[in-house]
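A closer look at the structure
The lines below spell out each chain.
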Amino acid sequence: MTRPIGLLCFALIIVFALSLFAGRVWLDFASTPNAMLILAELRLPRALLAITVGAGLGAAGAAMQGYLRNPLADPGLFGIAPGAALGAVASFWFGYAASAWLLPVFALAGAAGAMALLALIAGRTGGIALFTLAGMMIASLAGALMSLAISFAPNAFAMSEIVTWLMGALTDRSWREVYLAAPLTLLGIACFWMARKDLDALILGDAAARSLGMRLAVLQAWLIAGVGLTVGSGVAVAGIIGFVGLIVPHLVRPFTDRRPSSLIVPSALAGGLLVLVADSVVRILPTVTELRLGIALSLIGAPFFLWLLMKMRRGYSGGLS
Amino acid sequence: MTLSADAISLANRLDAVSASFGPGQITAICGPNGAGKSTLLSILSGLLQPDCGLATLHGKALSEFSSGARAQHIGYLPQNGEAAWDVAVRNLVALGRMPHGDSAAGPVEAALKALDLEVLAARPISELSGGEKARAFLARVLAGEPEWILADEPLAALDLAHQLALIGHLKREAQSGKGVIIVLHDLALAMNHADRVVVLDQGQAVADDVPEKALAGEVIQRVWGVTAEWIGSEGHRALVTR
């Protein structure tokens, strides 16, 4: 377990250092004007934000896959990301330009709303499957309300603003977003860490885990808080970024002992690494307008995931785990 | 030192079932499909709350125990255990330490040794055969060092040799002073290996005695609707139907 963590930390530090130089302008302290300013006010917060958002998504994916005992689970299943996106869309109605704080605060409120709904449902349903279905219903509801809000957008400009924002990006982010997302994400990962023993017990199935003292309502509470904090703050500062939560735990799992508890920290590190790499690539690509990070990750992620599934089918005849 | 069910009822499943279980012996719960065997075991392990009646441990209601304290006393082995993730056998067995909040190597190694899993300890669970898997899941229960072992059809998916081996392990645990309660389908296994048998029929306890009496021909006739008799000598009996 410690070796992948060490390797990932090492890779993260190297890529982090490199990413600070990469971009539309390749930083060269001798010749680039305002090099120090670009580094401190643009590149550094952007890189840190990429790591933060990716780490939150990776850890949330690892926890969700452990909870649902399914390698195809994704943090989006709880409906918290659509809830946060709905909040963000609502903020456009109140004038996006009014205050830079408006959007993230609305998004966090949306995530909190979805979390509150989930918490109301948690413990009242029979088990994991019903609770997950409830989460998916919240996701559909938030998605539908979001489409409604977009279709009634006050003007065409606002509409395109919303749609573009939803695609997810880290362009022109500042320290403000880092200060908002980093503490919340760390707190969220801590919630997953608190749930690690219960997630491990679920290896044996629901009944055996409960006989070992796992309380489903407590586990659900940690997961709701964790996903809310990581994914909610991620959406609040970067829009919707897909695939990270699904792919990263997959990639990391073979290098661990496969216990859900062993997967949380490496998945956070690998998620941070993946988003940081993707965001650096997006910056370097010579496109007219910068490719949206959310689109780029899906473009890389979906085919890669298909390839992975093909490879796994050859390797295993049985389950995906 | 008893685990008891006092007039336990659960809608459509159990009807005022009372039974008391003692340490140091194997009690088998038998009955036709749908008689409520697994339900009774779930209630005795504290996983299910009865509508009325009380499951008690040492005279105290199970519902009054915290989930962690209850788990330290009672180990529960569900039917058809499967591991969700392909972990190593030792890690799977170590999950049994959860009620104690540690991963003490001593009890884990002792459980691996007791079930002859030492050579397989580092192997992923998916590489094990059915019989080896059944042993690994039982070892998980033993690692928690519970006073009570409640197992739901632990022998169902095993071939004859593995059935005998696993029941041998359970017998050894009973001889060391633990209370073992198992749901059994195979009446001959219950007859030959249990110290006591509780027969359930349509949610009611209809017999509760030593195997010779609880599984006597007339009980089998009444409960299963099958005319049958036992042949062979004590401890080696076989059921012959007519």
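Bear in mind that the values here come from a model prediction, so they are computed numbers and not experimental data.

Procedures and definitions
- Residues numbered from 1 in each chain as written.
- Chains lettered and ligands numbered in written order.
- Predicted model: local features only at pLDDT ≥ 70, side-chain atom pairs only at ≥ 80, totals over all residues.
- Heavy atoms only, no water.
- Salt bridge = Lys/Arg side-chain N within 4 Å of Asp/Glu carboxyl O.
- Helix = DSSP H or I, 4+ residues; strand = E, 2+ residues; numbered from the N terminus.
- Pairing = 2+ DSSP bridges.
- Contact = heavy atoms within 4.5 Å.
- Axes fitted to C-alpha atoms, helices over the stretch in contact; angles between N-to-C directions.
- UniProt positions renumbered as here; feature names shortened; annotations may be inferred.
- Buried area = accessible area lost by both parts, 1.4 Å probe.
- Polar contact = N/O pair within 3.5 Å; in protein donor to acceptor, adjacent residues only side chain to side chain.
- Buried < 20%, exposed > 50% of the residue type's maximum accessible area, 1.4 Å probe, protein only.
- Parallel < 35°, antiparallel > 145°, perpendicular 65-115°, else oblique.
- Left-handed = near helix turned anticlockwise from the far one by under 90°.
- Nonpolar A, V, L, I, M, F, W, Y, C, P; charged D, E, K, R; others polar.

**A closer look at the pattern of salt bridges**
Tallying each qualifying case throughout the model produces 12 salt bridges over all chains. In this structure, E109(B) and R90(B) form a salt bridge, with 2.8 Å as the shortest nitrogen-oxygen distance. You can see E109(B) sitting in helix 4 (residues 105-114) and its partner R90(B) sitting in helix 3 (residues 89-94), a full 19 residues away along the chain. Each of the salt bridges in this network shares a partner with another, and the network as a whole consists of R46(A), D279(A) and R283(A).

**Focus on the sheet that holds strand 1 (residues 3-10) of chain B**
All names here are of chain B. Spatial strand order, 2-1-4-5: four strands in an open sheet with antiparallel pairing. Strands at the two margins of the open sheet, each flanked by one partner only, are strand 2 (14-21) and strand 5 (60-61). Looking at chain direction, strand 1 and strand 2 are connected through five bridges and run antiparallel. Each bridged residue has a counterpart across the sheet, and for A5 the counterpart in strand 2 is A19. Contacts between helix 1 (residues 37-44) and the sheet are confined to strand 1, strand 2 and strand 4 (52-57), with strand 1 contributing the most and set at about 125 degrees to the helix.

**Some words on the UniProt feature "transmembrane region" (unreviewed entry) in chain A**
All names here are of chain A. Summarizing the sequence annotation, UniProt attributes the feature "transmembrane region" (unreviewed entry) to residues 46-64, 76-95, 101-121, 128-158, 178-195, 231-252, 264-285 and 291-310 in the numbering used throughout. End-to-end, the C-alpha atoms of residues 46-64 are 27 Å apart, and along that stretch the chain is 100% helix and 0% strand. Across residues 101-121, the secondary structure splits into 95% helix and 0% strand, with the terminal C-alpha atoms separated by 30 Å.

**A word on the UniProt feature "domain: ABC transporter" (unreviewed entry) in chain B**
Taken from the UniProt record, the annotation "domain: ABC transporter" (unreviewed entry) applies to residues 3-227 of chain B. For residues 3-227 of chain B, the end-to-end C-alpha separation is 33 Å, with 36% helix and 24% strand making up the annotated structure.

**Structural notes on the interface of chain A and chain B**
Across the contact, 26 residues belong to chain A and 22 residues belong to chain B. Taken over both partners, the interface formed by chain A and chain B buries close to 2,000 Å², and the fraction arising from carbon and sulfur atoms is 67%. In this structure, the connection of chain A to chain B is made through zero salt bridges. At the boundary of chain A and chain B, one finds four residue pairs in polar contact (both at pLDDT 80 or more). Listed by contribution, the elements that provide at least two residues to the side of chain A that touches chain B are helix 2 (35-68), helix 8 (196-201) and helix 9 (206-211) of chain A.

**Structural notes on the environment of K133(B)**
Its place among the elements puts K133(B) in helix 5 (residues 130-143). Along the sequence, K133(B) and G81(B) sit 52 residues apart, while their C-alpha atoms lie 8.3 Å from each other.

**Looking at the environment of V252(A)**
Residue and element names in this part refer to chain A. If you trace the backbone, V252 turns up in helix 11 (residues 244-252). Note on V252: relative accessible area 6%, which makes it buried. When the C-alpha atoms of V252 and L39 are compared, they prove to be 31 Å apart, with 213 residues separating the residues in sequence. Once residues within four sequence positions are removed from consideration, V252 is found in contact with L263, P266, S267 and A270.

**Looking at the sheet that holds strand 7 (residues 148-152) of chain B**
Residues and elements named next belong to chain B. Pairing is mixed across the open sheet formed by six strands, whose spatial order is 6-7-8-3-9-10. Each of the sheet's edge strands pairs with one partner strand only, and the pair in question is strand 6 (74-77) and strand 10 (204-209). Each strand axis lies, on average, 15 degrees off the axis of its neighbour in the sheet, ignoring direction. In the sheet, strand 6 pairs with strand 7 via four bridges, with the strands oriented parallel.

**Quick notes on the packing of helix 2 of chain A against helix 12 (residues 260-284) of chain A**
Residues and elements named next belong to chain A. The interhelical angle for the contact between helix 2 and helix 12, taken along N-to-C directions, is 140 degrees, at an axis separation of 6 Å. By the criterion of interaxial angle, the relationship of helix 2 to helix 12 is oblique. For helix 2 against helix 12, the interelement crossing comes out right-handed. Across from R43, R46, A47, A50, I51, G54, A55, G58, A59, A62 and G66 in helix 2, the residues of helix 12 making contact are P260, L263, I264, S267, A268, G271, G272, V275, L276, D279 and R283. Looking at the contact of helix 2 with helix 12 residue by residue, the class counts come to 12 nonpolar, six polar and four charged.

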